[in-house]
Amino acid sequence: METKALIMDEKDIRRATTRIAHEIIERNKGVEDILLVGIKTRGVPFAKRLAKRIEEIEGKKLDVLTLDITFYRDDLTEINRDPVVKKNKTEYNINDKIVVLVDDVIFTGRTARAALDALVDMGRARKVQLAVLVDRGHRELPIRPDYVGKNLPTSKKEVVNVCFTEVDGVDKVVIKKIED
């Protein structure tokens, strides 16, 4: 795939993270009972960055959980005829917590829907909110993020790649064009 454009660099990602951290604090009138849940893979480093920034602002450390939604995907058999499924291993009690699901990109909404299904299996949250670094549009389900780093209109013939240093060795967001 050919890189079409650099959308966000390290500074842009840092600024968006800071803004979202402030929005989470403001909307919830502080950070009491907030739990950040990063959707595996790139939602996890983003959730950890949000937690670190919130701690710098509020002086309170938030718990961050990792959520593997593989088992809950509605396209599981399209990815692999014999998928290997691992359950989420957590003893964390999400009951009566304000859960902020965190992911890198929202596209069709199916990943967020799968994450909601996984959360239901973990308990009953008081409230669930969704934070994403990039909203690229093209929703297929009625799901809307509460916190967005950047709205990015895209074509369905494009792919948005979010790279985090923790996973990819660099911080950036690029659009790549799918070759015909």
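Residues numbered from 1 in each chain as written. Predicted model: local features only at pLDDT ≥ 70, side-chain atom pairs only at ≥ 80, totals over all residues. Heavy atoms only, no water.

What follows is about the UniProt feature "short sequence motif: PRPP-binding" (unreviewed entry) in the protein chain. Residues annotated by UniProt as "short sequence motif: PRPP-binding" (unreviewed entry) correspond here to residues 99-111. The span residues 99-111 is 15% helix and 62% strand, and its two end C-alpha atoms sit 16 Å from each other. (UniProt positions renumbered as here; feature names shortened; annotations may be inferred. Helix = DSSP H or I, 4+ residues; strand = E, 2+ residues; numbered from the N terminus.)

Locating Leu67 in the fold gives a position in strand β3 (residues 64-67). Measuring from C-alpha to C-alpha, the distance between Leu67 and Ile39 comes to 4.8 Å, with 28 residues separating the pair along the chain.

Further remarks concern the pattern of salt bridges. All told, the structure shown has 17 salt bridges when counted by the stated rule. Salt-bridge contacts for Asp12 lead to Arg15; the nearest nitrogen and oxygen are separated by 2.6 Å. On the criterion of helical spacing, the pair formed by Asp12 and Arg15 is a turn pair, its members being three residues apart in helix α1 (residues 10-27). The partner of Lys97 in a salt bridge is Asp33, with the nearest N and O atoms 4.0 Å apart. Of the two residues, Lys97 sits in the loop between α3 (76-79) and β4 (98-106) while Asp33 sits in the loop between α1 and β2 (34-39), which places them 64 residues apart along the sequence. The structure contains a network of salt bridges with shared partners spanning Asp33, Asp96, Lys97 and Arg126. (Salt bridge = Lys/Arg side-chain N within 4 Å of Asp/Glu carboxyl O.)

What follows covers the packing of α1 against helix α2 (residues 43-58). Packing of α1 against α2 leaves a shortest axis separation of 9 Å and a crossing angle of 65 degrees. Once α1 is placed against α2, the crossing between them reads as right-handed. Of the residues in α2, those in contact with Ile13, Thr17, Thr18, Ile20, Ala21, His22, Ile24 and Ile25 of α1 are Phe46, Arg49, Leu50, Arg53, Ile54, Ile57 and Glu58. Here the contact of α1 with α2 is built from residues that sort into nine nonpolar, three polar and three charged. (Axes fitted to C-alpha atoms, helices over the stretch in contact; angles between N-to-C directions. Left-handed = near helix turned anticlockwise from the far one by under 90°. Contact = heavy atoms within 4.5 Å. Nonpolar A, V, L, I, M, F, W, Y, C, P; charged D, E, K, R; others polar.)

The next point concerns the sheet that holds strand β8 (residues 172-177). Spatially, β1-β8-β7 is the arrangement adopted by the three strands of the open sheet, whose pairing is antiparallel. Single-partner strands in this sheet number two, and they are β1 (2-8) and β7 (158-163). Between one strand axis and the next, the sheet turns by 25 degrees as a mean value, whatever way the strands run. Taken together, the five bridges between β1 and β8 define a ladder with antiparallel strand orientation. The partner of Thr3 across the bridge, within β8, is Lys176. Along the sheet, α1 contacts β1, β7 and β8; its crossing angle with β1, the most-contacted strand, is approximately 45 degrees. (Pairing = 2+ DSSP bridges.)

Looking at the element boundaries, Ile69 is found in the loop between β3 and α3. Under the relative-accessibility criterion, Ile69 is labelled buried at 5%. As a C-alpha pair, Ile69 and Ile143 span 74 residues in sequence and 16 Å in three-dimensional space. For Ile69, the contacting residues outside a window of four places in its chain are Ile39, Thr111, Ala114, Ala115 and Ala118. (Buried < 20%, exposed > 50% of the residue type's maximum accessible area, 1.4 Å probe, protein only.)

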